[in-house]
Amino acid sequence: MESSLEKVKEVAKMFLRMPIHESELSPIVVIHPIWQSGIINTKKYGLLNILENPDKLEDVYSEYEDYIDIYDNVSSLISLLITNPYKLVFFKYISEYLNEKEYADALRIAYTSSEAPNIDINVSKSELIRFFKNANKKHLMDEKENQKYNNLPEVITVYRGASTDKKTEEAYKGISWSTSLKQAKWFAERYSKIDDRCSMLVKAKINKKYILGFFDDEDEVVIDYNKIFDLEFLK
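Residues numbered from 1 in each chain as written. Predicted model: local features only at pLDDT ≥ 70, side-chain atom pairs only at ≥ 80, totals over all residues. Heavy atoms only, no water.

Peer 1: I keep staring at helix α1 (residues 4-16) and nothing clicks. Help me out?
Peer 2: What sets the pattern is the α-helix's 3.6 residues per turn: residues three or four places apart point alike. The first and last C-alpha atoms of α1 sit 18 Å apart over 13 residues, in line with the 18 Å expected at 1.5 Å per residue. For α1, the set of buried residues is S4, L5, V8, K9, V11, A12, F15 and L16. Axial view of α1: buried residues confined to an arc of 160°, hence all on one face. The inward-facing, buried residues of α1 contact α2 (57-70), α3 (74-81), α4 (87-94) and α5 (100-113). (Helix = DSSP H or I, 4+ residues; strand = E, 2+ residues; numbered from the N terminus. Expected span 1.5 Å × (residues − 1). Buried < 20%, exposed > 50% of the residue type's maximum accessible area, 1.4 Å probe, protein only. Arc of directions from axis to C-beta. Contact = heavy atoms within 4.5 Å.)

Peer 1: In this structure, what is going on with the packing of aromatic side chains? I would like to understand it.
Peer 2: What characterises a pair of aromatic rings is the spacing of the ring centres plus the angle enclosed by the ring planes. In the structure shown here, the tally under the stated rule is 11 aromatic pairs. Judged by centre distance (5.2 Å) and plane angle (85°), the rings of W35 and Y64 are edge-to-face. Of this pair, W35 sits in the loop between β2 (30-31) and β3 (39-42) while Y64 sits in helix α2; the two residues are 29 residues apart in sequence, bridging distant segments of the chain. Each member of the pair W35 and Y64 is classed as buried. A network of ring pairs unites the aromatic residues W35, Y61, Y64 and Y67 as a single cluster. (Phe/Tyr/Trp six-rings, centres within 6.5 Å; stacked < 30°, edge-to-face > 60°.)

Peer 1: Would you mind showing me how to read the side chain of S176 here?
Peer 2: Tracing the backbone shows S176 in strand β6 (residues 176-178). Side-chain polar atoms of S176 contact the side chain of Y111, separated by 2.5 Å. Engagement of the side chain of S176 in a polar contact is seen with the side chain of N118, the distance being 2.9 Å. Sequence-distant contacts of S176, defined by excluding residues within four places in its chain, comprise Y111, P117, N118, R160, E220 and V221. (Polar contact = N/O pair within 3.5 Å; in protein donor to acceptor, adjacent residues only side chain to side chain.)

Peer 1: Before we go on, may I ask you to explain the environment of K43 in this structure?
Peer 2: Tracing the sequence through the fold places K43 in the loop between β3 and β4 (46-49). Since its relative accessible area comes to 70%, K43 is described here as exposed. Each C-alpha atom of the pair K43 and Y71 lies 18 Å from the other, and the pair is 28 residues apart in sequence. Not counting residues within four places of it along the chain, the set of residues in contact with K43 comprises E63 and Y67.

Peer 1: So what exactly am I meant to see when it comes to a negative patch on the surface here?
Peer 2: A surface patch of like charges, here negative, comprises D142, E143, D217 and E218. Within the secondary structure layout, D217 lies in the loop between β8 (211-215) and β9 (220-223). (Patch = residues over 30% accessible without salt bridge, like charges linked within 9 Å, V, L, I, M, F, W, Y side chains within 5 Å. Areas by Shrake-Rupley, 256 points an atom, 1.4 Å probe, with all protein chains shown as cover. Salt bridge = Lys/Arg side-chain N within 4 Å of Asp/Glu carboxyl O. Lys, Arg positive; Asp, Glu negative; His and termini not counted. Charge placed at Lys NZ, Arg CZ, Asp CG, Glu CD.)

Peer 1: Is there a simple way to explain a nonpolar patch on the surface in this structure?
Peer 2: On the surface, L25, I28, V29, I39 and L47 cluster together into a nonpolar patch covering about 480 Å² of accessible area. Classification of I39 by relative accessible area gives partly exposed; the value is 33%.

Peer 1: How should I be thinking about the environment of K173 in this particular structure?
Peer 2: Relative to the helices and strands, K173 resides in the loop between β5 (155-164) and β6. The spatial distance from the C-alpha of K173 to the C-alpha of K125 is 8.7 Å, given a sequence separation of 48 residues. In contact with K173, other than residues within four places in its own chain, are K125 and Y225.

Peer 1: Help me understand the packing of α5 against helix α6 (residues 125-133), please; the structure alone is not making it clear to me.
Peer 2: In helix packing, the relevant descriptors are the interaxial angle and the interaxial distance, both defined with respect to the helix axes. For the pair α5 and α6, the least separation of the axes is 10 Å and the interaxial angle reads 140°. In the packing of α5 onto α6, the handedness of the crossing is left-handed. Facing α5, whose interface residues are Y103, L107 and Y111, α6 presents R130, F131 and F132. (Axes fitted to C-alpha atoms, helices over the stretch in contact; angles between N-to-C directions. Left-handed = near helix turned anticlockwise from the far one by under 90°.)

Peer 1: How should I be thinking about unusual backbone geometry in this particular structure?
Peer 2: A negative phi angle characterises most non-glycine residues, just as the trans form characterises most peptide bonds. With an omega dihedral of 10°, the bond running from S26 to P27 counts as a cis peptide bond. With respect to the secondary-structure elements, P27 resides in the loop between β1 (21-22) and β2. For D230, which is not glycine, the phi torsion reads 55° and is therefore positive. Relative to the helices and strands, D230 is located in strand β10 (residues 229-233).

Below you can see the structure in the form of structure tokens.
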């Protein structure tokens, strides 16, 4: 019977062979689950532009499959091997193979590494909510975060700030909120001067049982936004 790590490695090898998408900065920057640049260091060819040498890709795939086999735990593999934009969808594909601790650790890494988890085209918000509901908070959060979560009142005021392409009340529908108004304001304003983006700042209340995770770095709470009440638009 295959272990969870062996199953995860199989998925990683599948992701390795996904198409390499070019960007405006290619070959320096590419979009791919494993590679961030189209120029990589290989044992056989040295520095290689993989966009210009498709005939050598099979050798490169084989070499990187050997790299994948070296990993001895799931957390290191998803943290160090998978590029940030693909971490959540990678978690989606491996979640069924993980034990309780591996699941929570991998979800935390994937979520906190994502720049915009609420608009990930491969993982819906309803899927994210389900992932977090299935995670054991004891493993999802560290000791300090668990203590803060346990000390939260039964009803909590939360805030959400976002920069959106257009002003819409639907923008509040995200799982990423904060217990800090200051932190939410920062998220609302960080891109407001870029491409005429609109900033949105909202306040709401939620029962503690619908808080799915607490991450201390940004006073962030992951919530089931379907359960908020007393919603108020501040901006």
